[in-house]
Amino acid sequence: MNILLINGPNLNLLGTREPEIYGNKTLEQIESDLTKIAKDKRIDLDCFQSNHEGEIVDKIQESVKYYQGILINAGGFTHTSVSIRDALVGSKIPFVELHISNIFKREEFRKESYLTDKAVGIISGFGITSYFLALDGIISYLEK
């Protein structure tokens, strides 16, 4: 089974960006930990991060040939990107939307997600543990 993790804008700043909200672990540390867990479960996990909407759309479009599931923390694009939503829907690849913070307890604009109604599930508010919960969720979903 092949799963793709997509991280959107500013997630490359994890570990230094607002640690009171996002924690102290870097994206590289999170990806390394997730990759080890996936490997133990005989799953290939590839990780991709971009601050550019079009690059994320391109990556999703390319994914149909290889991945059975997607984990996505679209960052700020969660609340703005019809293009990423359309790419995910068009790919027909099941995906889990994930967020480090609880987007429903933050600013009003963060409560609107363009992805949630098309996701097989959403994980929000568990800090970096959200990544691990999302991985477990997509694996369980795909194994059914």
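Located above this text is the structure these notes cover.
These numbers come from a predicted model, not from an experiment.

Some words on the overall build of the protein chain
Helices and strands together make up the secondary structure of the protein chain, namely five helices and five strands. Against the 2.2 N^0.38 benchmark of 15 Å for 144 residues, the protein chain shows a C-alpha radius of gyration of 14 Å, consistent with a compact globule. Here the C-alpha coordinates of the protein chain stretch approximately 35 × 30 × 25 Å along the principal axes. For the protein chain, with 144 residues in total, the buried portion stands at 44%. Of the contacts made within the protein chain by residues no fewer than 6 positions apart, 75% connect residues no fewer than 24 positions apart. With the model as given, the accessible surface of the protein chain reaches about 7,400 Å², and the carbon-plus-sulfur share is 49%. Charge centroids of the protein chain, computed over 16 positive and 20 negative side chains, lie 4 Å from each other.

So, helix α5 (residues 129-143)
Compared with the 21 Å implied by 1.5 Å per residue over 15 residues, the 21 Å span of α5 between its first and last C-alpha is a close match. Restricting attention to buried positions, one finds in α5 the residues S130, Y131, A134, L135, I138 and I139. One face of α5 carries all of its buried residues, which in axial projection span an arc of 165°. On the buried face of α5, the contacting elements are β1 (2-7), α2 (27-40), β3 (69-73), β4 (95-99) and β5 (121-124).

Conventions used here
- Residues numbered from 1 in each chain as written.
- Predicted model: local features only at pLDDT ≥ 70, side-chain atom pairs only at ≥ 80, totals over all residues.
- Heavy atoms only, no water.
- Helix = DSSP H or I, 4+ residues; strand = E, 2+ residues; numbered from the N terminus.
- Rg over C-alpha atoms; globule rule 2.2 N^0.38 Å.
- Buried < 20%, exposed > 50% of the residue type's maximum accessible area, 1.4 Å probe, protein only.
- Contact = heavy atoms within 4.5 Å.
- Areas by Shrake-Rupley, 256 points an atom, 1.4 Å probe, with all protein chains shown as cover.
- Lys, Arg positive; Asp, Glu negative; His and termini not counted.
- Charge placed at Lys NZ, Arg CZ, Asp CG, Glu CD.
- Expected span 1.5 Å × (residues − 1).
- Arc of directions from axis to C-beta.

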